[in-house]
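As a plain string of letters, each chain reads:
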Amino acid sequence: MLPYRLKQARERMGLAQQRLGILAGIDEATASARMNQYERGVHTPDFELVCRLAAILQVPACYFYTREDELAEMILLWHERQNAGN
């Protein structure tokens, strides 16, 4: 589910793969290729990188790991409500 949710969150924010990778601290020369591999499920980012990506994409890290689409949507709603109070 991580590859699918990562792409979904990135597209929702309107970011290119390379830009997201650079913002997450990946070297500019490999950012696009690495993000593409993560989104295709060829490689899996470590949890630290997932947390950085989540912060950039404004979603909680657990969003990337849930299997159920309905639960993923509930996580996003909860996160939005939590941040609306700030």
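Here's a quick rundown of the structure. Each chain carries its own residue numbering, running from 1 in the written order of its sequence. In keeping with the model being predicted, local features are shown solely for residues with a pLDDT of at least 70 and side-chain atom pairs are shown and tallied solely at 80 or more, while totals for entire chains, interfaces and linings include all residues. Note that the side-chain values use all heavy atoms of the structure and ignore hydrogens as well as water.

## Digging into the packing of aromatic side chains
Turning to step 1, where the next piece is worked out: Two rings belonging to Phe, Tyr or Trp (six-membered ring only in the last case) form a pair when the distance between their centres is within 6.5 Å. Interplanar angles under 30 degrees mark stacking, angles over 60 mark edge-to-face geometry, and anything in between is tilted. One pass over the structure, following the stated rule, counts two aromatic pairs.
Turning to step 2, where the next piece is worked out: A centroid spacing of 5.6 Å and a plane angle of 65° characterise the contact between Tyr63 and Phe64, whose relative ring orientation is edge-to-face.

## Section: the pattern of salt bridges
Side chains that carry opposite charge are capable of pairing whenever their charged atoms lie near each other.
Turning to step 1, where the next piece is worked out: In what follows, salt bridge is the name for a side-chain nitrogen of Lys or Arg lying within 4 Å of a carboxyl oxygen of Asp or Glu. Applying the stated criterion across every chain, the model contains three salt bridges.
Turning to step 2, where the next piece is worked out: The partner of Arg5 in a salt bridge is Asp69, and the shortest N-O contact between them spans 3.1 Å. Taken together, the residues span a long stretch of sequence, with Arg5 in helix α1 (residues 2-13) and Asp69 in helix α5 (residues 69-84) at a distance of 64 residues.
Turning to step 3, where the next piece is worked out: Relative accessible area decides the class of each residue, using a 1.4 Å probe on protein chains only: under 20% of the type maximum gives buried, over 50% gives exposed, and in between gives partly exposed. According to the relative accessible area criterion, Arg5 is buried, its value standing at 1%.
Turning to step 4, where the next piece is worked out: The class of Asp69 is partly exposed, set by a relative accessible area of 44%.
Turning to step 5, where the next piece is worked out: Note that Glu48 is salt-bridged to Arg52, the shortest N-O span being 3.1 Å. One end of the pair is Glu48 and the other is Arg52, both in helix α4 (residues 47-57) and four residues apart, which spans about a single turn.
Turning to step 6, where the next piece is worked out: Residue classification places Glu48 among the exposed positions, given a relative accessible area of 56%.
Turning to step 7, where the next piece is worked out: For Arg52, a relative accessible area of 33% gives the class partly exposed. Numbered from the N terminus, helices here are DSSP runs of H or I no shorter than four residues, and strands are runs of E no shorter than two.

## A closer look at the side chain of Thr66
Turning to step 1, where the next piece is worked out: The topology assignment puts Thr66 in the loop between α4 and α5.
Turning to step 2, where the next piece is worked out: Here the side chain of Thr66 touches Glu68 through a polar contact of 3.2 Å, side chain to side chain.
Turning to step 3, where the next piece is worked out: It only takes one pair of heavy atoms within 4.5 Å for two residues to be counted as in contact. Beyond its immediate chain neighbours, meaning those up to four positions away, Thr66 contacts Met1, Arg5, Leu71, Ala72 and Ile75. Within 3.5 Å is the distance limit for a polar contact, defined as a pair of N or O atoms, with the added protein rule that one can donate a hydrogen and the other accept it, and that residues adjacent in sequence qualify only through two side-chain atoms.

## Brief notes about the environment of Phe64
Turning to step 1, where the next piece is worked out: Position of Phe64 among the secondary structure elements: in the loop between α4 and α5.
Turning to step 2, where the next piece is worked out: Residue Phe64 is classed as buried on the basis of its relative accessible area of 2%.
Turning to step 3, where the next piece is worked out: Separated by 13 residues in the primary sequence, Phe64 and Cys51 have C-alpha atoms spaced 9.8 Å apart.
Turning to step 4, where the next piece is worked out: Ignoring any residue separated from it by four or fewer positions in sequence, one finds Phe64 in contact with Met1, Leu2, Arg5, Leu6, Ala9, Val50, Ala54, Leu57 and Val59.

## Side note on the nonpolar core
Turning to step 1, where the next piece is worked out: The biggest cluster of nonpolar side chains holds 22 residues, and the ones touching the most others in it are Leu6, Leu57, Tyr63 and Phe64.
Turning to step 2, where the next piece is worked out: Residue assignment for this core shows that the elements contributing at least two residues are α1, α3 (31-40), α4 and α5. Remark: nonpolar core denotes a set of buried residues (Ala, Val, Leu, Ile, Met, Phe, Trp, Tyr, Cys) joined through side-chain atoms within 4.5 Å.

So yeah, pure geometry; function would need other evidence.
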